[in-house]
Amino acid sequence: MTKVLVPVKILEGESVTPGLFDLLSTVDVVVLGYYEVPDQTPAEQAKLQFEERAQAKLDELREGFADAGGDAETRLAFTGAAEQTISRVTIEENCDAIVHPGVAQDVDRLLVPFIGKANVDTVAGFVAALVGERDITVSALGLDEGVSREEIRRALDDAGLDTAELTMQPASTGDALATIADVAVEYDLLVMGEPESSLSEWVFGDLEDRVARESLGPVVVVRARD
């Protein structure tokens, strides 16, 4: 079964919106509630102070997934290194993707940009498992010469996504991240493969900063598999 990690800043007001509860009902979910401990504050001290409140919020999220017909496990972490903790838990739980929650009241339109050397078969298979038999529009976007139209089209068709629309955007037209941000405003959620740079850099760095300004919904980053 496909499994995703949903990291949530559990004590900072971050949560999961209704559309994401519904969308993730087709996959196994691990919700990682984390609190990034301030410098010079022992993690154990923060845990003693906040664990009960954080766990209560995690329980609410687990119930939200159950109400949507899904299944979610929960983990709680008090850490001084959030990105490393998220990466570690992703590996420990053998998750196929990390979900940056964003805001999604409904998910009817899904954008799948392909950039660089991301594994098109892995991404297409993940999207197919995520969408299932639901009436969700899937649009693919090829962003540079790292992957061809033929490769993307074959991967989509092999995964059963033969109705997905495919648009190619040559690298020469400019910044790929800017293109994603421009196109993504028309969609409810974005799914992309892990690029050659680090996963945490894309989830927490340039991609989030650039597209958040355009009110982008959730971002799902599919892990590369050896």
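Higher on the page you've got the structure.
Worth saying up front: this structure is predicted, and the values here are computed from it rather than measured. (Residues numbered from 1 in each chain as written. Predicted model: local features only at pLDDT ≥ 70, side-chain atom pairs only at ≥ 80, totals over all residues. Heavy atoms only, no water.)

**Q** Sorry if this is basic, but what is going on with the overall build of the protein here?
**A** Looking only at helices and strands, the protein has eight helices and nine strands in total. Counting over 226 residues, the protein shows a buried share of 47%. Considering only residue pairs separated by 6 or more positions, the protein has 83% of its internal contacts joining residues 24 or more positions apart. Total accessible area on the protein is roughly 10800 Å²; 43% of this is exposed by carbon and sulfur atoms. (Helix = DSSP H or I, 4+ residues; strand = E, 2+ residues; numbered from the N terminus. Buried < 20%, exposed > 50% of the residue type's maximum accessible area, 1.4 Å probe, protein only. Contact = heavy atoms within 4.5 Å. Areas by Shrake-Rupley, 256 points an atom, 1.4 Å probe, with all protein chains shown as cover.)

**Q** Would you take a moment to explain the sheet that holds strand β6 (residues 137-142) for this structure?
**A** Hydrogen bonds between backbone groups are what pair the strands of a sheet, and the pairing can be parallel or antiparallel. Spatially, β3-β2-β1-β4-β9-β8-β5-β6-β7 is the arrangement adopted by the nine strands of the open sheet, whose pairing is mixed. Where the open sheet ends on each side, the last strands, each with one partner, are β3 (71-79) and β7 (165-168). Averaged over all pairs of adjacent strands, the angle between strand axes in this sheet comes to 20°, irrespective of strand direction. Most of the contacts of helix α5 (residues 149-158) go to β7, to which it runs at about 165°, and overall it touches β5 (109-114), β6 and β7. (Pairing = 2+ DSSP bridges. Axes fitted to C-alpha atoms, helices over the stretch in contact; angles between N-to-C directions.)

**Q** What is the right way to look at the pattern of salt bridges in this model?
**A** A side chain with one charge can pair with a side chain of the opposite charge if their charged atoms come near. Under the counting rule described, the total for this entry stands at eight salt bridges. As a salt-bridge pair, Arg-75 and Glu-93 come within 3.1 Å of each other at their nearest N and O atoms. Pair noted here: Arg-75 is in strand β3 and Glu-93 is in the loop between α3 (82-92) and β4 (97-100), with a separation of 18 residues, a long-range link. Residue Arg-75 is classed as partly exposed on the basis of its relative accessible area of 27%. The partner of Arg-154 in a salt bridge is Asp-121, with the nearest N and O atoms 3.0 Å apart. You can see Arg-154 sitting in helix α5 and its partner Asp-121 sitting in helix α4 (residues 120-131), a full 33 residues away along the chain. (Salt bridge = Lys/Arg side-chain N within 4 Å of Asp/Glu carboxyl O.)

**Q** I'm lost on α3 in this one. Help?
**A** Since there are 3.6 residues in each turn of an α-helix, residues three or four apart along the chain are aligned in direction. Considered for burial, the residues of α3 that qualify are Ala-82, Thr-85, Ile-86, Val-89 and Thr-90. Buried residues of α3 fall within an arc of 135° about the axis and therefore sit on the same side. Among the exposed residues of α3, those pointing more than 90 degrees away from its buried face are Gln-84 and Ile-91. Of the residues trailing α3, Asn-94 is marked for its positive phi of about 55°. (Arc of directions from axis to C-beta.)

Nothing here speaks to function; it is all geometry.
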